[in-house]
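# Summary of the model geometry
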Amino acid sequence: MDMIFPYVLIAQAAGRWGNFVNQEAFGQVVSEDYFAKWPSFLNFIKDNMFINGAYREPMFFYESIACLAGLGLILLYERTAKPKRGDLGFAYFLWYGAIRFWIEARRSDSLMFMGLKMAQIVSLIFIVFALVGMSGIFLNKEKKTKPVLLFDLDGTLLNTEPIIHASFLHTFEKFRPDYTLSEQELMDFMGPTLEESFGKYLPEEQVADAIEYYRVFNTEHHGEYVKPFDGVTECLTKWKEEGYVVAIVSSKYTDTVELGLQVCGMTGMFDLVLGRDKYEKAKPDKCGLIEACKILGVSQDQAIYFGDATSDVKAGKNAGMYTVAFVPNTKREAQLRASCPNEVVLDFRDIDEIIHRNIVFSHDER
């Protein structure tokens, strides 16, 4: 509902111009002065609204504009509020029901049913359905299903930025000693795969050797550089005690992910660890997230994906998941917000409020 119904308004806005061509969906009789203040480029509407010897209100035009305005309002609602799953779909029924009820009140060629305008009856049904739906009554309050929590690793659970930067600097000393990486370039290495990152700077035949050289250094120095972010261990412990399914979907290879968890004392805290060697296409492709859901036996609608890179946000959106961007480094905050995640958190502990809000399935009991 959330992904499809709001955009039906575009089709309906376009479809009303078919009514214009057919000279239907018009309103009451008006004088020619009704169009006097209209801009001249819209004179073609006035001309085609001369029907059966009189000018008519162009109700098709008003409905077309109202449909597009409704889409804008629903998208604004998505950005500024925190709607439950289904609320955007219900917002469509509420908006379209309201505007169609008004349009039908003005139309003079409506389909009638037992003395009533059929479209107004349907519009009232739409409005009632929407209000009831947005109240949460259709949600199962007796049996709430906890969302599945899927996390990226680097920069989300573990502060691996220092080891990643050190590993790239070490590798570039060997393979590109003539090149000095800028701070921004080092920041851009957070998120993409090693193949993608090295492929921008090295000939294709050197990429594999550079990755191997990088991984040797990265593995040997994990214990020196890698630490969990503040609040990660305590939150994970709490969520496991509360019965949440928690998993990792990372662009790193599984053995490197497990090494990071080991040095941080977090081994065994996850129901699934899925590294890049366990799925076909790297993020922002949804492949890894979908594979994780298959293994866990859940729908992607039941999952929230947490990451620190735009590729994480895009992967979550591509999979139809609720996406939360964690911003451990404010230098990347603007970039992450521009990728339009559902929510942004600056402190890992704030994630606890999000998952207990149970946004994926139903109202919480605050």
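Residues numbered from 1 in each chain as written. Predicted model: local features only at pLDDT ≥ 70, side-chain atom pairs only at ≥ 80, totals over all residues. Heavy atoms only, no water.

## So, the overall build of the protein
Secondary structure assignment for the protein yields 16 helices and 13 strands. In the protein, which comprises 366 residues, the share counted as buried stands at 49%. Once local pairs closer than 6 in sequence are excluded, the contacts in the protein between residues at least 24 apart make up 69%. Taken as a whole, the protein presents about 18,100 Å² of accessible surface, with 55% of it coming from carbon and sulfur. With 38 positive and 50 negative side-chain charges, the protein shows a spacing of 7 Å between the two charge centroids. (Helix = DSSP H or I, 4+ residues; strand = E, 2+ residues; numbered from the N terminus. Buried < 20%, exposed > 50% of the residue type's maximum accessible area, 1.4 Å probe, protein only. Contact = heavy atoms within 4.5 Å. Areas by Shrake-Rupley, 256 points an atom, 1.4 Å probe, with all protein chains shown as cover. Lys, Arg positive; Asp, Glu negative; His and termini not counted. Charge placed at Lys NZ, Arg CZ, Asp CG, Glu CD.)

## What about the sheet that holds strand S1 (residues 29-30)?
To summarise the sheet geometry, strands pair through backbone hydrogen bonds and adopt either a parallel or an antiparallel arrangement. With antiparallel pairing, the three strands of this open sheet are ordered in space as S1-S3-S2. Each edge of the open sheet carries a strand with a single partner, namely S1 and strand S2 (50-51). Here two bridges tie S1 to strand S3 (residues 54-56), and the two strands are oriented antiparallel to one another. Within the sheet, the bridge partner assigned to Val30 lies in S3 and is Tyr55. (Pairing = 2+ DSSP bridges.)

## What to know about a nonpolar patch on the surface
Side chains of Leu111, Phe113, Met114, Met118 and Val122 sit close together on the surface and give an oily, nonpolar patch of about 520 Å² of accessible area. Note that Leu111 resides in the loop between helix H4 (87-106) and strand S4 (112-113). (Patch = residues over 30% accessible without salt bridge, like charges linked within 9 Å, V, L, I, M, F, W, Y side chains within 5 Å. Salt bridge = Lys/Arg side-chain N within 4 Å of Asp/Glu carboxyl O.)

## Details of the nonpolar core
In this structure, Phe168, Phe198, Trp239 and Phe270 are the most contacted members of the largest nonpolar core, which totals 50 residues. Val148, Leu150, Val249 and Cys293 belong to the second largest nonpolar core, which has 17 residues in total. (Core = buried A, V, L, I, M, F, W, Y, C linked by side-chain atoms within 4.5 Å.)

## Examining the packing of aromatic side chains
Under the defined criterion, the tally for this structure stands at 39 aromatic pairs. Note on Phe5 and Tyr92: the rings are 5.7 Å apart at their centroids and 35 degrees apart in plane angle, and the pair reads as tilted. One end of the pair, Phe5, is in helix H1 (residues 5-21); the other, Tyr92, is in helix H4, and 87 residues separate them in sequence. By relative accessible area, Phe5 is classed as partly exposed at 28%. (Phe/Tyr/Trp six-rings, centres within 6.5 Å; stacked < 30°, edge-to-face > 60°.)

## Considering the pattern of salt bridges
Two side chains bearing opposite charge may form a pair once their charged atoms approach each other closely. For the coordinates displayed, the defined rule picks out 16 salt bridges. Salt-bridge contacts for Glu242 lead to Lys238; the nearest nitrogen and oxygen are separated by 2.9 Å. Residue class for Glu242 comes out partly exposed when judged on its relative accessible area of 31%. When the shortest N-O distance is used, the salt bridge between Lys283 and Asp312 registers 2.8 Å. Of the two residues, Lys283 sits in the loop between strand S10 (272-274) and helix H13 (287-296) while Asp312 sits in helix H14 (residues 310-318), which places them 29 residues apart along the sequence. No difference in accessibility class separates Lys283 from Asp312, as the two residues are buried. Within the structure, one salt-bridge network assembled from shared partners comprises Asp152, Lys283 and Asp312.

## Looking at the environment of Val29
Positionally, Val29 belongs in strand S1. As a C-alpha pair, Val29 and Glu57 span 28 residues in sequence and 6.6 Å in three-dimensional space. In this structure, Val29 is in contact with Ala54, Tyr55 and Arg56, ignoring residues within four places of it in sequence.

## Some words on the packing of H4 against helix H5 (residues 118-135)
Relative orientation of the contacting elements H4 and H5 amounts to 150 degrees, with a least axis distance of 8 Å. The orientation of H4 with respect to H5, classified from their angle, is roughly antiparallel. H4 and H5 meet at a crossing whose hand is left-handed. On H5, the residues that touch Asp87, Phe90, Ala91, Phe93, Leu94, Tyr96, Gly97, Ala98, Arg100, Phe101, Glu104 and Ala105 of H4 are Ala119, Gln120, Ser123, Leu124, Phe126, Ile127, Phe129, Ala130, Leu131, Gly133 and Met134. The class makeup of the residues in the contact of H4 with H5 is 16 nonpolar, four polar and three charged. (Axes fitted to C-alpha atoms, helices over the stretch in contact; angles between N-to-C directions. Parallel < 35°, antiparallel > 145°, perpendicular 65-115°, else oblique. Left-handed = near helix turned anticlockwise from the far one by under 90°. Nonpolar A, V, L, I, M, F, W, Y, C, P; charged D, E, K, R; others polar.)

## So, the sheet that holds strand S9 (residues 246-249)
Strands sit in the order S10-S9-S6-S11-S12-S13 across an open sheet of six strands; the sheet is parallel. Here the strands that pair on one side only, and so sit at the sheet edges, are S10 and strand S13 (343-345). Along the sheet, successive strands turn relative to each other by an average axial angle of 20 degrees, direction set aside. Inspection of the sheet shows strand S6 (residues 148-151) paired to strand S11 (residues 303-307) by four bridges, in the parallel sense. By the bridge assignment for S11, Val148 is matched with Ala303.

## Some thoughts on unusual backbone geometry
The omega angle of the peptide bond from Lys283 to Pro284 is 20 degrees, so this bond is cis rather than trans. By the secondary structure assignment, Pro284 is in the loop between S10 and H13. A positive phi angle is found at Gln23, which is not glycine, with a value near 55 degrees. Within the secondary structure layout, Gln23 lies in the loop between H1 and S1. Phi at Asn52 takes a positive value of approximately 55 degrees, unusual for a residue other than glycine. As for its placement among the helices and strands, Asn52 is situated in the loop between S2 and S3.

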